[in-house]
Amino acid sequence: MSVRPLEGITVLSLEHAIAAPFCSRQLADLGARVIKVERPGVGDFARNYDERVKGMASHFVWTNRSKESLTLDLKDEAAADVLEKLLPQVDVLVQNLAPGAAARLGLSFEALHEKYPQLIVCDISGYGEGGPYEKKKAYDLLIQSESGFVSVTGSKDEMAKAGCSIADIAAGMYAYTNILSALLLREKTGKGSRIDVSMLESMVEWMNFPLYYSFEGQEPPVRAGAAHAVIYPYGPFPTGGGQTIMLGLQNEREWKVFCEQVLGKPELAADERFANNTLRTANRDALKQIIVDTFAGMSKDQVIELLETAKIANASVNDMKGVWEHEQLKSRNRWREMDSPVGKLPTLLPPGVNNAYEYRIDAVPGLGEHSEKILRELGYDEQTIAGWREQGVV
């Protein structure tokens with residue numbers, strides 16, 4: 001078997017919800033051993049978000065494959081003893097507990113660095129350390145709102161959030177890449193470092209287009225539904241048979257070809273209402289009606305064939321069934337099978353194909369599934385472990 005990049009790296013993650021679990025799952029995909037600490041009897045509350053995957057929660061199945069679950073009451077005195085034995089073996093500590101909780105448990109970077117100088121600590125929170133929002137509660141929707149994302153998303157009449165947890169995903173990915181950078185830095189310096197990842201800052205980074213578009217008090221991009229706010233035509237259009245396609249034009253050459261080969265109306269290319277993108281955007285209602293009327297007499301497949309022939313970018317508007325069955329994902333062999341407490345489940349390989357190794361795809365853990373194994377590795381005997389189980393420590 002090929003060697004994975006993070007084999008030999010151990011990650012201890014005090015995690016719940018999405019941001020930290022998504023980060024640590026990426027590390028596990030690359031071969032790291034990830035020990036996920038969960039509350040005894042309860043576990044990561046994301047385990048109970050829904051029951052859509054044979055009784056398991058969809059978010060949990062997505063973000064927790066290839067991990068080991070250790071149940072441990074971090075507030076119990078015995079937990080400090082367990083962590084003292086475990087931390088010397090750990091390369092990276094990830095946590096997204098409530099603001100200040102890790103520090104109260106003695107798990108801040110400052111408290112750990114002198115004793116474990118090679119340890120990398122990654123703290124993920126809603127607003128980051130310091131500032132007036134440091135202790136403010138932060139959930140995905142709230143950060144989508146604070147970052148301005150919701151204000152530019154949706155229709156003219158109603159704002160909308162993203163259909164998936166993009167603020168959590170953004171923070172998880174920046175935590176992941178920062179950890180990889182910290183591991184490279186440790187190779188150079190021999191020292192661990194502290195990473196402070198904010199969900200707000202992760203999302204605002206993604207908001208730089210609308211920020212600069214509204215530079216120095218200019219009007220922000222209009223909410224345009226699934227269409228583009230400042231490029232037209234670029235978005236959804238109905239076809240005959242009640243289906244919808246997405247198409248996008250990027251330049252004047254494509255606009256001319258679109259008029260000639262797709263709409264069959266070459267005279268539109270010279271129409272002064274549509275002479276450039278700014279004018280097409282300003283007169284989008286009139287142009288939309290022309291496109292809709294033209295497409296009404298054609299099926300979705302016929303429209304796509306014309307667009308493909310004209311080399312105009314286009315896409316089908318897939319529902320989730322369409323994505324599960326997407327021929328491109330199948331043809332590139334992107335699906336794998338993983339174990340879980342409810343049996344075999346399909347799972348998608350991470351983006352990016354490296355010819356030197358295969359991603360690690362192991363089971364989604366049951367709650368506390370690996371507690372006894374990990375505690376035995378640390379030298380605890382069966383009697384001690386049994387006692388802790390009775391007391392609710394593990």
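Residues numbered from 1 in each chain as written. Predicted model: local features only at pLDDT ≥ 70, side-chain atom pairs only at ≥ 80, totals over all residues. Heavy atoms only, no water.

Draft legend 1. Here's a closer look at the environment of Glu15. Following the sequence through the fold, Glu15 ends up in the loop between strand S1 (10-14) and helix H1 (19-29). The buried category is assigned to Glu15, whose relative accessible area is 4%. Remark: the alpha-carbon pair of Glu15 and Asp44, spanning 29 residues in sequence, is separated by 7.3 Å. A polar side-chain atom of Glu15 sits 2.7 Å from a polar atom in the side chain of Lys36. (Helix = DSSP H or I, 4+ residues; strand = E, 2+ residues; numbered from the N terminus. Buried < 20%, exposed > 50% of the residue type's maximum accessible area, 1.4 Å probe, protein only. Polar contact = N/O pair within 3.5 Å; in protein donor to acceptor, adjacent residues only side chain to side chain.)

Draft legend 2. Spatial organisation of the packing of aromatic side chains. In this structure the tally under the stated criterion is 12 aromatic pairs. On the basis of an interplanar angle of 75 degrees and a centroid distance of 6.2 Å, the ring pair of Trp255 and Phe274 is categorised as edge-to-face. Placement of Trp255 in helix H10 (residues 252-262) and of Phe274 in the loop between H10 and helix H11 (277-282) is noted, with a sequence separation of 19 residues between them. For the pair Trp255 and Phe274, a shared accessibility class is recorded, and that class is buried. The structure contains a cluster of three or more aromatic residues connected by ring pairs, namely Tyr232, Phe237 and Phe295. Above the plane of the ring of Tyr380 lies Lys85, whose end atom (NZ or CZ) is 4.2 Å from the centre. The ring of Tyr133 is capped by Lys136, whose NZ or CZ atom sits 5.6 Å from the centre of that ring. (Phe/Tyr/Trp six-rings, centres within 6.5 Å; stacked < 30°, edge-to-face > 60°. Lys NZ or Arg CZ within 6 Å of the ring centre and 35° of its normal.)

Draft legend 3. Fine view of the side chain of Asn64. One can find Asn64 in the loop between helix H2 (58-63) and strand S3 (67-71). The exposure class assigned to Asn64 is buried, which follows from its relative accessible area of 0%. At 3.1 Å, the side chain of Asn64 forms a polar contact with the side chain of Lys67. The contacts of Asn64, once residues within four sequence positions are left out, are Glu15, Pro21, Arg25, Lys36, Asp44, Ala363, Val364 and Pro365. (Contact = heavy atoms within 4.5 Å.)

Draft legend 4. Structural context of the packing of H10 against helix H13 (residues 300-309). Relative orientation of the contacting elements H10 and H13 amounts to 135 degrees, with a least axis distance of 10 Å. What the angle tells us is that H10 and H13 run oblique. In the crossing of H10 with H13, the sense of the turn from one axis to the other is right-handed. Contact with H10, carried on its side by Phe258, Gln261 and Val262, involves Leu306, Leu307 and Thr309 of H13 and no other residues of that element. (Axes fitted to C-alpha atoms, helices over the stretch in contact; angles between N-to-C directions. Parallel < 35°, antiparallel > 145°, perpendicular 65-115°, else oblique. Left-handed = near helix turned anticlockwise from the far one by under 90°.)

Draft legend 5. Region of interest: the sheet that holds strand S7 (residues 234-238). If you trace the 3 strands from one edge of the open sheet to the other, you get S7-S8-S9, paired in antiparallel fashion. Taken across any chain shown, the strands that pair with only one partner, and hence form the sheet edges, are S7 and strand S9 (313-316). Adjacent strand axes in the sheet meet at a mean angle of 25 degrees, parallel and antiparallel pairs treated alike. Pairing of strand S8 (residues 244-248) with S9, which is carried by 4 bridges, proceeds in the antiparallel orientation. Residue Ile245 lies in a different strand from S9, and its bridge partner there is Ser316. (Pairing = 2+ DSSP bridges.)

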